[in-house]
Amino acid sequence: MNNPCNSASHITRRTMLQTTGLGGLAWLTPVAHWLGRAQEKAPAHAPAKSVIMLWMSGGPSQLETFDPHAGKKIAGDTRAINTSVKGVQFAHGLPQVAEVMHELTLVRSMVSKEGDHERATYNVKTGYRPDPTLVHPSIGAVVCHELPDAEMDIPRHISILPGQWPARGGYLGAQYDAFKVYNTNGRAGNITARVQPKRLDNRLEALEQVEQSFARGRRADLDAKTTLHNATIQKALRMMSSKQLSAFDITQAPTKTRAAFGDTNFGRGCLAAIQLIGAGVRCVEVTLNGWDTHANNHEAHVTQNAILDPAFASLIRELRTRKLLDQTIVICAGEFGRTPNINAADGRDHWPTGFSIALAGGGFRAGHVHGATAADGAKLDPLDKESIHVADIHTTVQHALGIEYAKELMTPIGRPMALSDGRVIQTLLK
Amino acid sequence: MPSEKIAPPLWQRNLLFAVVCVAGAGAVVSNLLTSDTMSAPKHQAGRYEKPSFRTAVDFVDEEFAADWKKAGLEPAPPADELTQIRRLSLGLTGTIPSLQEIRAVEAQPEGERIQWWLSHLFEDRRTSEYLAERFARAYVGVENGPFLIYRRRRFVSWLADEFEANRPYDKIARSLITAEGLWTNNPEVNFVTVTVDQNEDKKGPNEVKLAARVTRAFLGVRIDCVQCHDDHLGDEWLQKDFHQLASFFGEADMAISGIRETGKPYEFKYRRQREPVKVPAIVPFQPELLPERGRPRQRLARWVTHKENRAFARATVNRVWALMFGRPLVEPVDEIPLEDSPENPYPPGLEILADDFIIYNFNLQRLIRIIAATRVFGLDSKMPDGRTPPTLEHDEHWAAFALSRLRPEQVAGSIIQSASLTAIDADSHIIFQLNRSIQLGEFIKRYGDIGEDEFYIQGGTIPQRLLMMNGNLVHERIKNDLVANAASRILATAPNDAKVVEATYLAVLSRRPSAEEAAYFVRALSQKGFLSRKAKQADLYWALINSTEFSWNR
């Protein structure tokens, strides 16, 4: 035991509970950075603490969700329904979300330059357009990096039912990647040891033998600075035995609550997201696939809305009930919208110039609608003052979280990069 | 039921199968633990000591030695040969060597083992397949690409055939740039069809994507960074340089018979201009090397691969180096300055290796052999007792072998290989193949592929550690299973516990245990306790597979 702090078996079950000291502070962020932040002044308003991203993968049609133009040619047979806010209407597929419109901030004038799924997903998740020289961090990674937390055993950035391009840490490092949870059965993957505790201790002691041999003739800080191997094993072991793991398990919620979210994986993922946020997780992304409706757009949206509607509405209500809504920013977005024109296959194609994003909580202005699209669905002018760019959403969200969004970080390629380079849209905030 | 009368009862067949397997396994293992049973590759002993080969190696060695002297660094001593063998296997086949292969290479005379090992690997289809996959990332990326008109698997398989035949690399590059016809008949065409964007109004291959791929993959030039506007912060390229290069792909078009030169000239709307303009096809540097005649893509291909266009050779040397070391000589792998300067000199070795590559007609296998023979490739990643461990400065100057994190498929391949005493190769039993593809896919997804930015060194992550400690793939490969798993077979056939531990270390970590490790594990195996010997052997496997050195190239 020459180097106990560097050894895997240092953190066995018996000692794990005692290690919330310095080891805990080091979780995802350098200690010095954390100490530095503790001395900063808190912002004047109580900032939000966490983010839930409902990711509508494929790009939902604004016309069949939050921006109907019922009776117009571009609507097809989509009808409009009233919401809890006078004068604001949704498409008919979202009656439950319509009842919580007074909690939402709706942006109907989103514009971007990205019409390809992968590029647009990158754009909306990071606030930056793809760049051949570096990978930008997703919003959840930025939040974890900027708002560290000493007490967490489980990852603070989680992607439930991840799609093809889950949230990444980018230049902040792979340790900021979203932790991927592929099911909603209450257990994150691979968090249960295959053997009994006593035998796991044996294995870890054996591992330490091999690690000691490997460490000979190498830098003392090799693990801490380069491989993160044993440091990560410690964190994994801490996670495996953490009480916080129960936040993944939604069976502890009342049956009635669970039923309200709908009997779908996405619905269960939304409930898990609330529990995780309640346990201290910074950002949860929950993905709903199936919005890429190049054919049979309207039919497909009936199916999709039936999943989204109870889940999204219940998410807002439950966050309110648990008094978490004011500290949590909810974003419901896809990579782009869909064309006003209905194509020959009764579908709609990609449309980055005039789509909708719904937000809620965390200092956003409740019951507010920003921007509008024309009755003929014409492209929005990106230079119009009502047009909101993807980067603006990121900047405004970071601002609401009390993050110094203009701060530049040094990237691995030696180029300083602002956390976000858009504008704060004050009218979206309280 | 007539079938029952014909076939023997099920239990009898199962028993017969089990008897055959166990008997076979026993025979193979006892051989493996003592001697070599592998077929020998064609290998000319002494060939790689001849001056025509040695000179290039010596020059590279001298340049590195001069650099270390200048930096005041004492390089690490040579790593043991098994460590070098492991590096070559990981870099060229994506897996560790098998116990059988280790026995075979150790039977070769000292001094000949590294080049013998390369002779062995170059005859192994795994090498060409793996190299093809790694190169394909630079050529066509990792995504599945446009539906129906892009067949990535065919493309990689074609590339593997080219590498297996050791076709000159300039010819491979020209085939890709000038590819015509159907993506199914001519697999190289997929290099072009992968760029077709089916959501855009424009039909046919995307000139901008093609120009970006060609310049990055073949020339190590990131000229595509200026595709949207001039970079006024000092980039040497102008926006028009990029689009004039893209213009060479303007005529490439999608027809019923595949890719043909029937398209319209390339047009582009520059910033602050109202209308798109026809862009002339002009190369961004060394215009004198561009042939005057021929179809645009043929002219471009000749220019890219011209022996005086050194960017082509440098880019290839840098990529091969990166595959072998886990990191490129010049970072990032696809951005190498066209000229060096006193303030920003080329790293040691680059120009010599590029020269040799050009003189010997872009021979990839020769390039790999030369790099493997250099002193710098053979250096240890650690220092012997009594010396200060290698510093970050050592890593920076290549004065020690810098650790690099293995890619997901290298880790998965190593787990599967460590569970088999013989090499898992393309000729292996179908069961291995099936296991490999299904489990590999799932494992790689969870381990986290970092896509195309593959030479960016990062530390390990929690999902990776959870996957290795608790995941299914490792569990399946270390559990007691006399037919499928090396762990059980070693335990069943090794003559004593010391041999069990040694064979296990060789099979998993490609090295022998230290005296302390051997003592610890021999004692652990022989101690009476609550665990069976089989369980203890599984635990030994678990510990080795979960170690730092298993997941890193050292």
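Conventions and cut-offs
Residues numbered from 1 in each chain as written. Chains lettered and ligands numbered in written order. Predicted model: local features only at pLDDT ≥ 70, side-chain atom pairs only at ≥ 80, totals over all residues. Helix = DSSP H or I, 4+ residues; strand = E, 2+ residues; numbered from the N terminus. Buried ≥ 20, exposed ≤ 12 C-beta atoms within 10 Å, placed from the backbone. Contact = placed C-beta atoms within 7 Å. Pairing = 2+ DSSP bridges. Axes fitted to C-alpha atoms, helices over the stretch in contact; angles between N-to-C directions. Parallel < 35°, antiparallel > 145°, perpendicular 65-115°, else oblique. Left-handed = near helix turned anticlockwise from the far one by under 90°. Nonpolar A, V, L, I, M, F, W, Y, C, P; charged D, E, K, R; others polar. Domains from an automatic or database assignment. pLDDT = per-residue confidence, 0-100.

With that out of the way, let us pick up the overall build of chain A. A count of helical and extended segments in chain A gives 13 helices and 15 strands. Burial status across chain A gives 54% buried among its 430 residues. Put simply, 72% of the contacts in chain A that link residues at least 6 apart link residues at least 24 apart.

Across its full length, chain B carries 27 helices and 6 strands. Scored against the burial criterion, the 554 residues of chain B give a buried share of 48%. Partitioning the intrachain contacts of chain B with sequence separation of at least 6 by distance along the chain shows that 68% fall at a separation of at least 24.

Turning next to the environment of Thr411 of chain A. All names here are of chain A. Residue position: Thr411 is located in the loop between strand E14 (408-410) and strand E15 (416-418). Take Thr411: there are 17 C-beta atoms within 10 Å of it, and that puts it in the partly exposed class. Setting aside its immediate chain neighbours within four residues, Thr411 contacts Leu134, Tyr171 and Met417.

Before going further, it helps to spend a moment on the pairing of strand E5 (residues 157-160) of chain A. Residues and elements named next belong to chain A. Residues His157 and Ser159 line one face of E5 and the alternating positions Ile158 and Ile160 line the opposite face, and both faces are buried. As defined by bridge partners, E5 adjoins strand E7 (residues 283-288) across 4 bridges and the pair is classed as parallel. Looking at the pairing, Ile160 lines up with Val286 of E7.

Let's shift gears to the packing of helix H11 (residues 265-278) of chain A against helix H12 (residues 297-321) of chain A. All names here are of chain A. Between H11 and H12, the least distance of the axes is 9 Å, while the angle of their chain directions is 15 degrees. Our classification of the angle between H11 and H12 gives roughly parallel. Handedness of the crossing formed by H11 with H12: right-handed. Note on element contacts: H12 touches H11 through Ile307, Pro310, Ala311, Ser314, Leu315, Glu318 and Leu319, opposite Phe266, Gly267, Cys270 and Ile274. A breakdown of the residues in the contact of H11 with H12 according to their chemical character gives 8 nonpolar, 2 polar and 1 charged.

To continue, consider the environment of Gly337 of chain A. All names here are of chain A. Inspection of the secondary structure puts Gly337 in strand E9 (residues 337-338). In this structure, the C-alpha to C-alpha distance between Gly337 and Leu276, residues 61 residues apart in sequence, is 29 Å. With sequence-adjacent residues up to four places away left out, Gly337 is seen in contact with Gly59, Ser61, Gln62, Trp351, Gly354, Phe355 and Ser356.

With that settled, consider helix H19 (residues 408-418) of chain B. Taking burial as the measure, the 11 residues of H19 of chain B include 9 buried ones, the bulk of the element. Taken as a whole, H19 of chain B has its buried residues at Gln410, Val411, Ala412, Gly413, Ser414, Ile415, Ile416, Gln417 and Ser418 of chain B.

Moving on to the domain arrangement of chain B. For interface size, the figure often reported is the accessible area lost on association. Residue and element names in this part refer to chain B. Entries for chain B in the domain assignment read domain 1 (47-123 + 308-396), domain 2 (126-304) and domain 3 (404-553). Contacts between the two partners involve 24 residues from domain 1, matched on the other side by 23 residues from domain 2. Those elements that place two or more of their residues in the side of domain 1 that touches domain 2 are helix H4 (81-93), helix H6 (113-122), helix H14 (310-325) and helix H16 (364-373). For the side of domain 1 that touches domain 2, the element with the most residues is H14, which contributes 8 residues. In terms of residue class, the side of domain 1 that touches domain 2 is made up of 11 nonpolar, 8 polar and 5 charged.

This brings us to the interface of chain B and chain A. Contacts between chain B and chain A engage 47 residues on the former and 43 residues on the latter. If you list the elements that add at least two residues to the side of chain B that touches chain A, you get helix H21 (462-470), helix H25 (515-526), helix H26 (533-545) and helix H27 (548-551) of chain B. Per-element tally for the side of chain B that touches chain A: the top contributor is H21 of chain B, with 7 residues.

Along helix H9 (residues 169-177) of chain B, 7 of the 9 residues are buried, which leaves the element largely enclosed by surrounding structure. Among the residues of H9 of chain B, Tyr169, Asp170, Ile172, Ala173, Arg174, Leu176 and Ile177 of chain B are the ones counted as buried.

With that out of the way, let us pick up the environment of Gly76 of chain A. All names here are of chain A. Following the sequence through the fold, Gly76 ends up in the loop between strand E1 (50-56) and strand E2 (80-82). Taking the C-alpha atoms as reference points, Gly76 and Leu161, separated by 85 residues in sequence, lie 32 Å from one another. Gly76 has contacts with His298 and Ile342, leaving out every residue within four places of it along the chain.

All names here are of chain B. At a closest axis distance of 10 Å, the pairing of H6 and H16 adopts a crossing angle of 150 degrees. Considered as vectors, H6 and H16 are oriented roughly antiparallel to each other. In terms of crossing hand, the pair formed by H6 and H16 is right-handed. The segment H6 lies against H16, with Ile114, Gln115, Leu118 and Phe122 engaging Gln365, Ile368, Arg369, Ala372 and Ala373. When its residues are assigned to classes, the contact of H6 with H16 shows 6 nonpolar, 2 polar and 1 charged.

It is worth spelling out unusual backbone geometry at this point. Negative phi values dominate among residues other than glycine, just as trans dominates among peptide bonds. Residues and elements named next belong to chain B. For the bond from Glu331 to Pro332, the omega torsion is -10 degrees, close enough to zero to count as cis. Here Pro332 lies in the loop between H14 and helix H15 (350-359). For Asn166, which is not a glycine, the phi torsion comes out positive at approximately 50 degrees. Asn166 sits in the partly exposed class, given 13 other C-beta atoms within 10 Å. Phi is positive for Trp398, close to 60 degrees, though the residue is something other than glycine. The residue Trp398 is located in the loop between helix H18 (392-396) and strand E5 (404-405) in this model. Judged by local crowding, Trp398 falls into the buried class, with 25 C-beta atoms found within 10 Å.

In this section: the confidence of the model for chain B. All names here are of chain B. The predicted model of chain B has a mean per-residue pLDDT of 87, with 86% of residues at 70 or higher. Below a pLDDT of 50 lies the segment residues 1-8, which in the model reaches 1 contact outside its immediate sequence neighbourhood of four places, other chains included. In this model residues 19-29 is a low-confidence stretch, pLDDT under 50, and it forms 10 contacts with partners more than four residues away in sequence or in other chains. Of the two predicted TM-score estimates for the complex, the pTM is 0.85 and the ipTM is 0.88.

Working note: regular strand, side chains alternate between the two faces of the sheet. All names here are of chain A. Taken across its 6 residues, E7 has 6 buried, putting it largely inside the fold. Here E7 shows a buried face lined by Cys283, Glu285 and Thr287 and a second buried face lined by Val284, Val286 and Leu288. The sheet contact formed by E1 and E7 spans 6 bridges and is parallel. Paired with Val51 across the bridge in E7 is Cys283.

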